[in-house]
Amino acid sequence: RDLHSFPTRRSSDLSDAPLTALLGHPANDVLESLRHKALIVERTAAASGHYAFRHQLIREVAYTSLPRAERTALHEQVAERLRYGRSFGERAELIAYHLTQASELGSGDARATTAYAAIVEAAEAAGRRGAVARSQELFEQAARLTSDPSLQVEPLISTAQTALRRFRADLAVR
């Protein structure tokens, strides 16, 4: 059951402090139990206390074994913790990922609207840090997420503007 407590199929690093915050109780016993069962391994290249699932399939089974409502709630919790955690370049994109997952797993217009806004914010952040290809992909994802044509206009315009910024005439001439 403790294996199911890890919320994301994309997570490759399991560390004590974030898991303790997410679980609401100390995670070191859970991590030690999982390590003893050979489901996770300590990452020796990282600082002490960092673990990873032994295999991708173990991580996938743990994730898909959770009920949808619990996966939805965990994605929302992770997004909330990321929002108020330390800042790093891809933070907005990770928040958008988790809110999009919560929107796809759960139901409701509020979740979809929150995910849409997070994706647009992530696309803008990616563009500011020079990741224009990723920015374009995120704007396209935002446009696909909503069925409201009035909300699709802004990300589609941004997609086109980003595509123009990516255009390299010197390569087109060759």
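That block above? That's the structure.
Everything numeric in this text was worked out from a predicted model, so none of it was measured. (Residues numbered from 1 in each chain as written. Predicted model: local features only at pLDDT ≥ 70, side-chain atom pairs only at ≥ 80, totals over all residues. Heavy atoms only, no water.)

Draft legend 1. Up close: the packing of helix 6 (residues 109-128) against helix 7 (residues 132-145). Viewed as axis vectors pointing N to C, helix 6 and helix 7 meet at an angle of 165°, and their least axial separation amounts to 8 Å. Comparing the axis directions of helix 6 and helix 7 gives the class roughly antiparallel. Both helix 6 and helix 7 take part in a crossing whose hand is left-handed. Residue-level inspection shows A112, A115, Y116, I119, V120, A122, A123, E124, A126 and G127 of helix 6 in contact with helix 7, the latter providing V132, S135, L138, F139, Q141, A142 and L145. Along the lines of polarity and charge, the residues of the contact of helix 6 with helix 7 split into 13 nonpolar, three polar and one charged. (Axes fitted to C-alpha atoms, helices over the stretch in contact; angles between N-to-C directions. Helix = DSSP H or I, 4+ residues; strand = E, 2+ residues; numbered from the N terminus. Parallel < 35°, antiparallel > 145°, perpendicular 65-115°, else oblique. Left-handed = near helix turned anticlockwise from the far one by under 90°. Contact = heavy atoms within 4.5 Å. Nonpolar A, V, L, I, M, F, W, Y, C, P; charged D, E, K, R; others polar.)

Draft legend 2. Representation of the nonpolar core. Among the nonpolar cores identified, the biggest contains 22 residues, and L99 and L138 are the most heavily contacted of them. Looking at which element gives the most residues to this core, the answer is helix 6, with nine residues. Those residues within four positions of L99 in sequence are excluded, and the remaining contacts are A79, R83, T114, A115 and A118. Counting residues in each nonpolar core, the second largest holds eight residues, with L19, I40, Y51 and F53 among its members. (Core = buried A, V, L, I, M, F, W, Y, C linked by side-chain atoms within 4.5 Å. Buried < 20%, exposed > 50% of the residue type's maximum accessible area, 1.4 Å probe, protein only.)

Draft legend 3. Focus on the environment of G127. Within the element layout of this structure, G127 appears in helix 6. For G127, a relative accessible area of 25% gives the class partly exposed. Counting along the chain gives 38 residues from G127 to R165, while the straight-line C-alpha distance between them is 10.0 Å.

Draft legend 4. The arrangement of the packing of helix 7 against helix 8 (residues 149-166) in detail. It is the contact of helix 7 with helix 8, at a shortest axis distance of 8 Å, that shows an interaxial angle of 160°. The orientation of helix 7 relative to helix 8 falls into the category roughly antiparallel. In this structure, helix 7 meets helix 8 at a crossing whose hand is left-handed. Residues V132, A133, S135, Q136, F139, E140, A142 and A143 of helix 7 touch helix 8, and the partners they reach there are Q152, P155, L156, S158, T159, T162, A163 and R166.

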